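Examining the three-dimensional arrangement
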Amino acid sequence: KKFYKLLLNDIIPRSEGAWYAMELAGVKPLSQAVTLQLTSAPDQAQDEFTENRIQERKILIQRIIDSQKTSGVDGLREDILEQLEYIQVSELEIRLTVHAFNRVLSIDPEPAYAAFKDQSLYTVHRDGQVNWAAMGRELAYAIQPSGEVGSLAMGIKEVLANETFEGASISLDELGYPPLHQVD
């Protein structure tokens with residue numbers, strides 16, 4: 001959406017029900033041509049709070065990933081949660097650049113609450129609060145590097161935003177995600 005006016009004559013709007021066929025025909029989503037640059041991420045420290053929350057709820061996130069796989073989504077990076085470096089910053093500013101149609105276009109730097117870049121998840125905590133929607137979106141991009149990540153992001157947000165593991169599990173039950181039993 002950020003590049004829509006700049007690329008108005010060069011892109012095909014996504015049509016409901018037709019996008020999968022377009023993708024099979026070779027049409028690439030604009031998101032694959034976009035790169036993210038951190039323009040400001042001062043005061044970096046290990047984000048133990050976010051890392052612990054994600055690791056504690058890994059089995060719940062796996063429920064969401066398994067649902068994506070059952071729906072036919074390919075290319076999911078299920079092991080990425082163990083590979084990420086979790087970094088807390090006091091503020092975060094990013095610039096998005098699109099490399100497409102023999103052009104390079106950038107938008108002005110803008111503030112962000114979370115960003116996934118180079119195997120690192122950067123998060124901003126404001127007054128002890130985390131923007132779980134932004135976190136869910138960035139984790140979804142890490143897990144599913146291409147394609148539509150909206151439902152994956154919403155599920156992850158639901159899991160992480162709940163105060164307790166039990167509450168998050170109940171939310172997934174209510175949303176219809178099949179339960180998983182952890183095998184030790």
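Residue positions within a chain follow its written sequence, with the count starting from 1. Given that the model is predicted, a residue must reach a pLDDT of at least 70 before its local features are reported, and side-chain atom pairs must reach 80 or more before they are shown or counted; all residues, however, enter totals for whole chains, interfaces and linings. By convention in this description, side-chain values take in all heavy atoms of the structure and omit both hydrogens and water.

1. Re the packing of helix 5 (residues 132–143) against helix 6 (residues 150–161)
To describe two helices that pack against each other, one gives the angle between their axes and the distance between the axes. Angles here are taken between N-to-C directions and fall from 0 to 180 degrees, while the axes themselves are lines fitted to C-alpha atoms, restricted in helices to the stretch in contact. Counting from the N terminus, the helices are DSSP H or I runs at least four residues long and the strands are E runs at least two residues long. Their axes nearest at 8 Å, the elements helix 5 and helix 6 cross at an angle of 130 degrees. The orientation of helix 5 with respect to helix 6, classified from their angle, is oblique. Relative to helix 6, the crossing made by helix 5 is right-handed. Judged by residue contacts, W132, A133, M135, G136, R137, L139, A140 and I143 of helix 5 engage L152, A153, I156, K157, L160 and A161 from helix 6. For classification purposes, angles smaller than 35 degrees are called roughly parallel, those larger than 145 roughly antiparallel, those between 65 and 115 roughly perpendicular, and all remaining angles oblique. By convention the crossing between two helices is left-handed if the near helix lies anticlockwise of the far one by an angle smaller than a right angle, and right-handed if it lies clockwise. Whether two residues are in contact is decided by their heavy atoms: any pair within 4.5 Å suffices.

2. Observations concerning the packing of helix 3 (residues 58–70) against helix 7 (residues 165–175)
Orientation of helix 3 relative to helix 7, taken along the N-to-C sense of each, is 15 degrees, at an axis distance of 10 Å. Considering the angle they form, helix 3 stands roughly parallel to helix 7. Crossing handedness for the pair helix 3 and helix 7: left-handed. Note on element contacts: helix 7 touches helix 3 through F165, A168, S169, L172 and D173, opposite I59, L60, R63 and I64.

3. Considerations on helix 6
Because an α-helix completes one turn every 3.6 residues, residues spaced three or four positions apart along the sequence face the same direction. Here helix 6 is 12 residues long and its end C-alpha atoms lie 16 Å apart, about the 16 Å a rise of 1.5 Å per residue gives. Buried residues of helix 6: L152, A153, G155, I156, V159 and L160, and no others. One face of helix 6 carries all of its buried residues, which in axial projection span an arc of 165 degrees. The span you would expect from a helix comes to 1.5 Å times its residue count less one. Residue exposure (1.4 Å probe, protein chains only): buried if accessible area is under 20% of the type maximum, exposed if over 50%, otherwise partly exposed. As used here, the arc belongs to the directions running from the helix axis to the C-beta atoms.

4. A few points about the packing of aromatic side chains
Two aromatic rings from Phe, Tyr or Trp, using only the six-membered ring of Trp, form a pair when their centres are within 6.5 Å; if the ring planes differ by under 30 degrees the pair is stacked, by over 60 it is edge-to-face, and anything between is tilted. Inspection of every chain in the model, using the stated rule, returns one aromatic pair. Ring centres of F49 and W132 lie 6.2 Å apart, and the angle between their planes is 45 degrees; on these two criteria the pair is classed as tilted. Placement of F49 in helix 2 (residues 48–56) and of W132 in helix 5 is noted, with a sequence separation of 83 residues between them. Its relative accessible area of 13% is what places W132 among the buried residues.

5. Focus on the nonpolar core
A general trend in soluble globular proteins is that nonpolar side chains are found buried together. Ranked by size, the top nonpolar core spans 29 residues in total, and within it I61, L139, I143, I156 and L160 carry the most contacts. Mapped onto this core, the elements with two or more residues apiece are helix 3, helix 4 (80–83), helix 5, helix 6 and helix 7. Per-element accounting of this core gives the leading share, six residues, to helix 5. Buried Ala, Val, Leu, Ile, Met, Phe, Trp, Tyr and Cys residues that are joined via side-chain atoms within 4.5 Å together make up what is termed a nonpolar core.

6. Here we look at the environment of I80
Mapped onto the elements of the fold, I80 is located in helix 4. Here the alpha-carbon distance between I80 and A142, two residues 62 residues apart in the chain, equals 6.9 Å. Every residue in contact with I80, bar those within four places of it in the chain, is listed here: Q119, A142 and I143.

7. A word on the pairing of strand 4 (residues 93–100)
Between any two strands, pairing holds if DSSP finds at least two bridges. Sheet analysis places strand 1 (residues 34–40) next to strand 4, joined by six bridges and oriented antiparallel. Residue pairing for strand 4: L36 is matched across the bridge by L96. Pairing between strand 4 and strand 6 (residues 110–111): two bridges, direction antiparallel. Paired with E93 across the bridge in strand 6 is P111. In terms of strand pairing, strand 4 meets strand 5 (residues 103–106) through four bridges, oriented antiparallel. Directly across from A100, in strand 5, lies its bridge partner R103. Following strand 4, the chain reverses through two residues before pairing antiparallel with strand 5; F101 in that reversal takes a positive phi of roughly 55 degrees.

8. Some remarks on the side chain of S171
For S171, the location among the structural elements is in helix 7. On the basis of relative accessible area, S171 is assigned to the buried category, the value being 15%. Residue contacts for S171: discarding those within four places in its chain leaves E158 and N162.

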